[in-house]
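So the chains spell out like this:
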Amino acid sequence: MQTLAKPAIFQLKDIFQHPATLLGAMLLGGWIGTLFPGSAALLSALSLLYLSLIQMAALPFVILAVYFGLQRLPSEPGSGVRLARLAAMSLLAMLLCAVVGVLVASAAGAGSGMTAAQTAALGKLAMRSESQFTMALHDSGDGPAPLWDIGTLVPDNFFGVLAYGSLPSVLVGVLCFGAAVSVQDPQRSAQLSGIFEGMYRALESLVNRINGWLPVAAFVLAAAATASAGVEAIVLLGGFLGAFYAAVFAMCAAAIAVLCWKLKKSPWLVLLALREPITVCLFSPVAVAAVPGFIQGMSVKLGFSRGMVELVSPIAPVFIKAGEAMFFAVLAIYLANLYHHGLTAADIAWICALSWTAALWSVGIAGVKSVLLGGFVVASLGLPLEAVLPVFLLIEVLCEGPRNLLSFLISSALIALVADGLYINNEQDSEVWHPSTLKLVFTRKQALSVLFLWLIALFTVFCAGVGYGLRQAF
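Just so it is clear, the structure is predicted and the values come from calculations on it, not from any experiment.

Considering the overall build of the protein
Link 1 in the chain: Within the protein, the secondary structure is distributed over 20 helices and zero strands.
Link 2 in the chain: Per-residue burial for the protein yields a buried fraction of 43% across its 474 residues.
Link 3 in the chain: Expressed as a percentage of contacts within the protein between residues at least 6 apart in sequence, the contacts between residues at least 24 apart total 85%.
Link 4 in the chain: Just so you have it, the protein exposes about 24,700 Å², and 69% of that area is on carbon and sulfur atoms.

Shown next, in the form of structure tokens:
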């Protein structure tokens with residue numbers, strides 16, 4: 001019997017999420033921001049709204065992903081040794097990114113060849129932009145600030161750090177909590193895992209729905225960036241941006257090549273499997289927004305161990321600061337060329353080492369504050385970063401997406417390198433989720449007791465409020 005081929009059906013979601021659509025929205029937003037620079041305040045408010053929404057859903061999802069990764073990881077052979085190898089290779093990958101950044105920036109001559117008029121325009125732009133930023137470069141205390149604040153990484157109160165802590169300390173706390181739960185009897189932790197599973201799936205769906213508005217977000221973010229920075233800053237620092245983007249592209253291509261080599265697949269198939277998270281990572285400044293896509297692509301589409309992927313992918317943009325190491329290295333070469341400072345082989349090696357150190361130091365520091373650590377690198381060369389710092393703060397948002405993408409792809413390549421011997425299937429099925437129901441049954445006597453205690457609690461709060469008001473009055 002003759003069969004007819006079904007016509008291709010293009011869904012509206014696929015059109016909106018296509019990289020060409022997102023690129024067009026970003027370019028259109030940049031053009032609008034250039035035409036209407038006075039709308040920077042409104043566009044910044046809209047971009048802040050998107051960032052708040054995506055962080056509201058993505059940060060709890062990241063915490064639960066790390067938790068479930070720890071629950072699944074002990075069932076895999078040699079998980080401890082694999083994690084140790086992955087941590088060591090992550091440090092080497094960060095150093096390699098610094099080396100590649102130095103080589104690409106040196107080969108491209110980033111910062112050299114600027115005319116006197118361009119240099120003067122850069123100085124005027126820095127002086128004009130300096131008034132927009134008020135930032136303390138040191139602590140207000142009497143003594144010098146420590147190099148690494150251990151309190152921001154190792155929490156002393158798990159519940160307190162969940163409410164008020166930074167993301168690195170939250171992840172460290174979740175790692176300790178998840179490791180403690182993973183060694184318990186599975187029957188004792190089954191109800192807790194069932195509750196967390198429902199939250200995990202709901203947050204994953206919410207993140208995907210918010211990412212569905214990524215074209216609008218890309219338009220607003222690009223418009224806000226160009227309205228604040230202006231085209232002049234982007235043009236003047238085009239040498240830096242070009243060298244940085246080229247270095248990021250080289251390392252991302254190397255990471256994709258590692259995935260293709262381990263999976264025995266063509267680059268097209270690997271890129272097709274990771275197209276959605278790569279797109280989200282490039283066009284969204286929030287790194288955690290791409291975590292659900294990377295977990296889905298690496299585990300379901302490419303077939304890597306789900307436990308390893310769920311544990312490493314959320315941690316990658318927080319602790320694997322490969323993009324920051326490359327950013328600091330390119331920045332040092334750019335400033336050296338800008339000020340016509342000759343570099344020896346020892347200076348280049350020192351830049352690589354300091355860029356790697358500054359990247360480790362940047363753990364827990366997000367946004368424009370991370371640019372300040374570039375002064376730690378260029379200070380060894382005797383170059384002033386403060387002269388052009390306001391301009392780099394303006395264009396920092398243009399480097400956020402490539403930096404996050406580099407961290408994700410390097411972590412994916414490292415997972416492929418340490419996954420030897422684990423089950424890898426081309427089309428691994430996603431795990432079926434069976435929701436569990438928690439039933440609470442009360443007798444009539446117990447229900448009346450609960451109601452009575454609830455009324456007492458309300459009356460106590462009321463009396464406390466009246467007493468506080470009378471005390472303030474008299």
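Looking at the pattern of salt bridges
Link 1 in the chain: In the structure shown here, the tally under the stated rule is seven salt bridges.
Link 2 in the chain: The closest approach of N and O atoms between arginine 201 and glutamate 204, which form a salt bridge, is 3.6 Å. Taken together, the residues span about one helical turn, with arginine 201 and glutamate 204 both in helix 8 (residues 190-211) at a distance of three residues.
Link 3 in the chain: Residue class for arginine 201 comes out buried when judged on its relative accessible area of 16%.
Link 4 in the chain: When the shortest N-O distance is used, the salt bridge between glutamate 324 and arginine 403 registers 3.9 Å. Here arginine 403 lies in helix 19 (residues 397-418) and glutamate 324 lies in helix 15 (residues 322-338), a separation of 79 residues in the sequence. Each member of the pair glutamate 324 and arginine 403 is classed as buried.
Link 5 in the chain: Residues joined by salt bridges that share partners form a network here, namely Lys321, Glu324, Glu400 and Arg403.

Looking at the packing of aromatic side chains
Link 1 in the chain: The final tally for this structure, using the stated rule, is 12 aromatic pairs.
Link 2 in the chain: Joined through ring pairs, the aromatic side chains of Phe61, Tyr67, Phe68, Phe177, Phe196 and Tyr200 make up one cluster.
Link 3 in the chain: The ring of phenylalanine 327 is capped by arginine 403, whose NZ or CZ atom sits 5.0 Å from the centre of that ring.

Structural notes on the packing of helix 12 (residues 275-283) against helix 19
Link 1 in the chain: Where helix 12 meets helix 19, the axes come as close as 7 Å, and the angle between the chain directions of the two elements is 145 degrees. Counting all contacts with helix 12, which are made through Ile278, Cys281 and Leu282, the residues of helix 19 involved are Gly401, Pro402, Asn404, Leu405, Phe408 and Leu409.
Link 2 in the chain: Classifying every residue of the contact of helix 12 with helix 19 by side-chain character gives seven nonpolar, two polar and no charged.

Examining the packing of helix 4 (residues 79-108) against helix 16 (residues 345-361)
Link 1 in the chain: Following both chains from N to C, one finds helix 4 and helix 16 inclined at 130 degrees, their axes separated by 9 Å at the closest point. The angle between helix 4 and helix 16 falls in the class oblique. For the pair helix 4 and helix 16, the crossing hand works out as right-handed. Residues Leu91, Met94, Leu95, Ala98, Val99 and Val102 of helix 4 pack against Ile348, Ile351, Cys352, Ser355, Trp356, Ala359 and Leu360 of helix 16.
Link 2 in the chain: The residue inventory of the contact of helix 4 with helix 16, partitioned by class, reads 12 nonpolar, one polar and no charged.

Quick look at the nonpolar core
Link 1 in the chain: In this structure, Phe240, Leu274, Phe304, Met326, Tyr334 and Leu409 are the most contacted members of the largest nonpolar core, which totals 118 residues.
Link 2 in the chain: The biggest single contributor to this core is helix 15, with 14 residues.
Link 3 in the chain: Apart from the residues lying within four places of it in its own chain, the contact partners of leucine 409 are Cys252, Ala255, Ile256, Leu274, Ile278 and Phe294.

Some thoughts on empty space enclosed by the protein
Link 1 in the chain: This model, assessed by the stated rule, comprises one cavity of 30 Å³ or more.
Link 2 in the chain: When its volume is computed, the largest cavity comes out at roughly 30 Å³.
Link 3 in the chain: In this structure, the largest cavity is lined by Asn208, Asn211, Glu276, Pro277, Val280, Ala289, Ala290 and Gly293.
Link 4 in the chain: Only helix 8 and helix 12 provide two or more residues apiece to the lining of the largest cavity.
Link 5 in the chain: Per element, the largest residue contribution to the lining of the largest cavity is three residues, and it comes from helix 12.

Regarding the confidence of the model for the protein
Link 1 in the chain: Of all residues in the protein, 77% have pLDDT values of 70 or greater, and the mean over the chain is 76.
Link 2 in the chain: Confidence scores differ between elements of the protein, with helix 1 (residues 12-16) showing the lowest mean pLDDT of 62 and helix 10 (residues 238-263) the highest of 91.
Link 3 in the chain: Predicted confidence is poor over residues 135-147, with pLDDT under 50, and the contacts of this stretch with residues over four places away or in other chains come to six contacts.

Comments concerning unusual backbone geometry
Link 1 in the chain: Residue lysine 264 is not a glycine yet carries a positive backbone phi of 60 degrees.
Link 2 in the chain: Assignment of secondary structure puts lysine 264 in the loop between helix 10 and helix 11 (267-273).
Link 3 in the chain: Judged by relative accessible area, which is 70%, lysine 264 ranks as exposed.

Examining the side chain of serine 407
Link 1 in the chain: Tracing the backbone shows serine 407 in helix 19.
Link 2 in the chain: Engagement of the side chain of serine 407 in a polar contact is seen with the backbone oxygen of isoleucine 320, the distance being 2.9 Å.
Link 3 in the chain: Once you skip the residues sitting within four places of it in the chain, serine 407 turns out to touch Ala316, Pro317, Ile320, Lys321, Ala322 and Gly323.

Examining helix 16
Link 1 in the chain: Relative to the 24 Å expected for 17 residues at 1.5 Å per residue, helix 16 spans 24 Å between its end C-alpha atoms, a close match to the ideal helical length.
Link 2 in the chain: Of the residues making up helix 16, those classed as buried are Ile351, Cys352, Leu354, Ser355, Ala358 and Ala359.
Link 3 in the chain: Those residues of helix 16 that are buried lie in contact with helix 4, helix 15 and helix 17 (374-378).

Describing helix 14 (residues 306-319)
Link 1 in the chain: Its 14 residues give helix 14 an end-to-end C-alpha distance of 20 Å, which sits within 8% of 20 Å, the value for a rise of 1.5 Å per residue.
Link 2 in the chain: At valine 312, helix 14 shows its strongest bend, of approximately 25 degrees, with the proline proline 314 following within four residues.
Link 3 in the chain: For helix 14, the tally of buried residues reaches 13 of 14 residues, placing the bulk of the element in the interior.

Reading the values: rules and limits
Residues numbered from 1 in each chain as written. Predicted model: local features only at pLDDT ≥ 70, side-chain atom pairs only at ≥ 80, totals over all residues. Heavy atoms only, no water. Helix = DSSP H or I, 4+ residues; strand = E, 2+ residues; numbered from the N terminus. Buried < 20%, exposed > 50% of the residue type's maximum accessible area, 1.4 Å probe, protein only. Contact = heavy atoms within 4.5 Å. Areas by Shrake-Rupley, 256 points an atom, 1.4 Å probe, with all protein chains shown as cover. Salt bridge = Lys/Arg side-chain N within 4 Å of Asp/Glu carboxyl O. Phe/Tyr/Trp six-rings, centres within 6.5 Å; stacked < 30°, edge-to-face > 60°. Lys NZ or Arg CZ within 6 Å of the ring centre and 35° of its normal. Axes fitted to C-alpha atoms, helices over the stretch in contact; angles between N-to-C directions. Nonpolar A, V, L, I, M, F, W, Y, C, P; charged D, E, K, R; others polar. Parallel < 35°, antiparallel > 145°, perpendicular 65-115°, else oblique. Left-handed = near helix turned anticlockwise from the far one by under 90°. Core = buried A, V, L, I, M, F, W, Y, C linked by side-chain atoms within 4.5 Å. 1 Å grid on protein atoms, 1.4 Å probe; cavity = no way out; pocket = protein on both sides within 12 Å on 5 of 7 lines; lining within 4 Å. Points joined across faces, edges and corners; volume = space filled by probe spheres on them. pLDDT = per-residue confidence, 0-100. Polar contact = N/O pair within 3.5 Å; in protein donor to acceptor, adjacent residues only side chain to side chain. Expected span 1.5 Å × (residues − 1). Bend = angle between axes of the 7 residues up to and from the residue.

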